[in-house]
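Descriptive structure summary
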Amino acid sequence: MASKRSEVQVRPGVEADLEALTDIYNHYVRETPITFDTAVFTSEERRPWLLSHPEDGPYRLMVATDGDTQEILGYATSSPYRTKAAYRTSVEVTVYLAPHAGRRGIGTRLYEALFEALGTEDLHRAYAGIAQPNEASTRLHERFGFRHLGTHREVGRKFGRYWDVAWYEKEL
């Protein structure tokens, strides 16, 4: 008997995914403090973000799809941690799932594929900022060996209140 986990396929993101990826991200913009963006994006506004994650190199985009329907269920990225040259061996990573796709192991599958792809790159550390509270994201990052570095208290304001961001680090 096939499990839900085996029905999910993970592959590099492509330009044809842009609308679905934008829709997933906009859910978090509108409904949650998980991203500190406060205005939704059009697909065209998100195009530079997608194009900044090619199929090779340190800045990747991995997409999870339903094996039967090909519906995009989520994505994971590695992006520049900071813009200055000395930071080039560090990346910031993140996972976003479609609202109905949680608790199926999809985040785990995405990070497995992302970190496998990054294994041959000249990278030293991965960082993740997790708006609090977010137990599912904290558990996912700890499962992959991230350790808590500290928390920026009330660093972002959204929905009329302040939110903390816990920072995590993983050696690559």
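Everything below is about the structure shown above.
Structural notes, computed from the coordinates. Not measured: the values here are computed from a predicted model.

Brief notes about the sheet that holds strand E5 (residues 125-131)
The mixed open sheet is built from 7 strands, whose spatial order is E1-E2-E3-E4-E5-E7-E6. Strands with a single pairing partner mark the edges of an open sheet, and in this sheet they are strand E1 (8-12) and strand E6 (147-158). Neighbour-to-neighbour, the strand axes of the sheet open up by a mean angle of 25°, direction not taken into account. Sheet analysis places E6 next to strand E7 (residues 161-171), joined by 8 bridges and oriented antiparallel. Its bridge partner lying in E7, Lys158 is registered against Arg161.

Structural notes on the packing of aromatic side chains
A full pass over the atoms with the stated rule returns 12 aromatic pairs. Here Phe115 and Phe146 contribute two aromatic rings whose centre-to-centre distance is 6.0 Å and whose plane-to-plane angle is 50°, an arrangement assigned as tilted. Linking Phe115 in helix H3 (residues 106-118) with Phe146 in the loop between helix H4 (135-143) and E6, this pair joins segments that are 31 residues apart in sequence. Judged by its relative accessible area of 4%, Phe146 falls in the buried class. One aromatic cluster is present, built from ring pairs that chain together Tyr25, Tyr28, Phe41, Trp49, Tyr75 and Tyr96. Just above the ring of Tyr81 sits the side chain of Arg82; from NZ or CZ to the centre is 4.7 Å. Lying across the ring of Phe115, Lys170 places its NZ or CZ 5.3 Å from the centre.

Reading the values: rules and limits
Residues numbered from 1 in each chain as written. Predicted model: local features only at pLDDT ≥ 70, side-chain atom pairs only at ≥ 80, totals over all residues. Heavy atoms only, no water. Pairing = 2+ DSSP bridges. Helix = DSSP H or I, 4+ residues; strand = E, 2+ residues; numbered from the N terminus. Axes fitted to C-alpha atoms, helices over the stretch in contact; angles between N-to-C directions. Phe/Tyr/Trp six-rings, centres within 6.5 Å; stacked < 30°, edge-to-face > 60°. Buried < 20%, exposed > 50% of the residue type's maximum accessible area, 1.4 Å probe, protein only. Lys NZ or Arg CZ within 6 Å of the ring centre and 35° of its normal.

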